[in-house]
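# Structural overview
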Amino acid sequence: MQLEMLYSKIHRATVSDANLNYVGSITIDSKLAMAAGLYEGIKVDIVNINNGERFSTYVIFGDNDGEICINGAAARKVAVGDIIIIIAYAIYQEDELKDYAPKVVIVDENNQISMIKNEV
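One structure accompanies this document, and this report is about it. (Residues numbered from 1 in each chain as written. Predicted model: local features only at pLDDT ≥ 70, side-chain atom pairs only at ≥ 80, totals over all residues. Heavy atoms only, no water.)

### Details of the packing of aromatic side chains
To keep it simple, the criterion reads: Pairing of aromatic rings covers Phe, Tyr and Trp, the last counted by its six-membered ring, and requires centre-to-centre distances within 6.5 Å; plane angles under 30 degrees mean stacked, over 60 mean edge-to-face, and any other angle means tilted. Residue burial is assigned from relative accessible area. The probe radius is 1.4 Å, only protein chains are included, and a residue is buried under 20% of its type maximum, exposed over 50%, and partly exposed in between.
In the structure shown here, the tally under the stated rule is one aromatic pair. An angle of 80 degrees between the planes, with centres 5.5 Å apart, marks the rings of tyrosine 92 and tyrosine 100 as edge-to-face. Exposure remark for tyrosine 92: the relative accessible area of 16% places this residue in the buried category. According to the relative accessible area criterion, tyrosine 100 is partly exposed, its value standing at 22%.

Take a look at the structure:
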């Protein structure tokens, strides 16, 4: 059996920019994205804690420290300063779940890493 499970998430990131006139995606500080095990182009769900919006997009790496920018049409679903959760999923075989431990990156209000956990 294959199960779609949480792979990684960045918890309580602050939206630093919203760029409506971009093709699409979420730009994430490359150091932060790599700490979460995210790849450029990986599909992620974005959950906006401030307004309840939930949408999917893909990751591109940014060069600015702490950058979390929602691009394209999805920019209408956030405001700068909103708190979001960035969630990536992966498909696992049931036997892979014996040692299952998703990566959870918790950030502060400036999107600096406060803690990295390997648990739900």
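### Regarding the environment of isoleucine 68
To keep things clear, this is the line we draw: Elements are defined by DSSP. Helices are runs of H or I of four residues or more, strands are runs of E of two residues or more, and each kind is numbered from the N terminus. Note on definitions: a residue-residue contact is assigned when non-hydrogen atoms from the two residues lie within 4.5 Å.
Mapped onto the elements of the fold, isoleucine 68 is located in strand β6 (residues 68-71). Here the alpha-carbon distance between isoleucine 68 and alanine 33, two residues 35 residues apart in the chain, equals 9.9 Å. Every residue in contact with isoleucine 68, bar those within four places of it in the chain, is listed here: Ala13, Thr14, Val15, Ser16, Asp17, Ile26, Thr27, Ile28, Leu32, Ile84, Ile86 and Asn111.

### A closer look at the pairing of strand β7 (residues 83-93)
Stated formally: For two strands to be treated as a pair, DSSP must find no fewer than two bridges joining them.
Where strand β1 (residues 2-14) meets β7, 10 bridges bridge the pair, whose relative direction is antiparallel. Its bridge partner being in β7, alanine 13 is matched across the sheet by isoleucine 84. In this sheet, β7 lies alongside strand β4 (residues 43-48) in antiparallel orientation, the contact comprising four bridges. Looking across to β7, one finds that aspartate 45 is bridged to isoleucine 87.

### With respect to the sheet that holds β1
What counts is decided by this rule: Inter-axis angles, ranging from 0 to 180 degrees, are taken between N-to-C directions of lines fitted to C-alpha atoms, where helices are fitted over the stretch in contact.
Read from one edge to the other, the open sheet built from nine strands follows the order β2-β6-β3-β5-β4-β7-β1-β8-β9, with strand pairing classed as mixed. Bordering the open sheet on either side are β2 (17-19) and β9 (113-118), each of which pairs with just one other strand. With strand direction ignored, the average angle separating the axes of adjacent strands in the sheet is 30 degrees. The sheet contact formed by strand β8 (residues 103-107) and β9 spans five bridges and is antiparallel. Within β9, the residue paired with valine 105 across the bridge is isoleucine 116.

### Here's the deal with the pairing of strand β5 (residues 54-62)
Note: strand β3 (residues 25-29) against β5, four bridges, orientation parallel. The partner of isoleucine 26 across the bridge, within β5, is valine 59. Of the pairings in the sheet, the one linking β4 to β5 comprises five bridges and is antiparallel in character. In the sheet register, lysine 43 faces β5, and the bridge partner there is tyrosine 58. Counting the residues between successive antiparallel strands, the hairpin from β4 to β5 contains five residues, one of them, glycine 52, with a positive phi of roughly 80 degrees.

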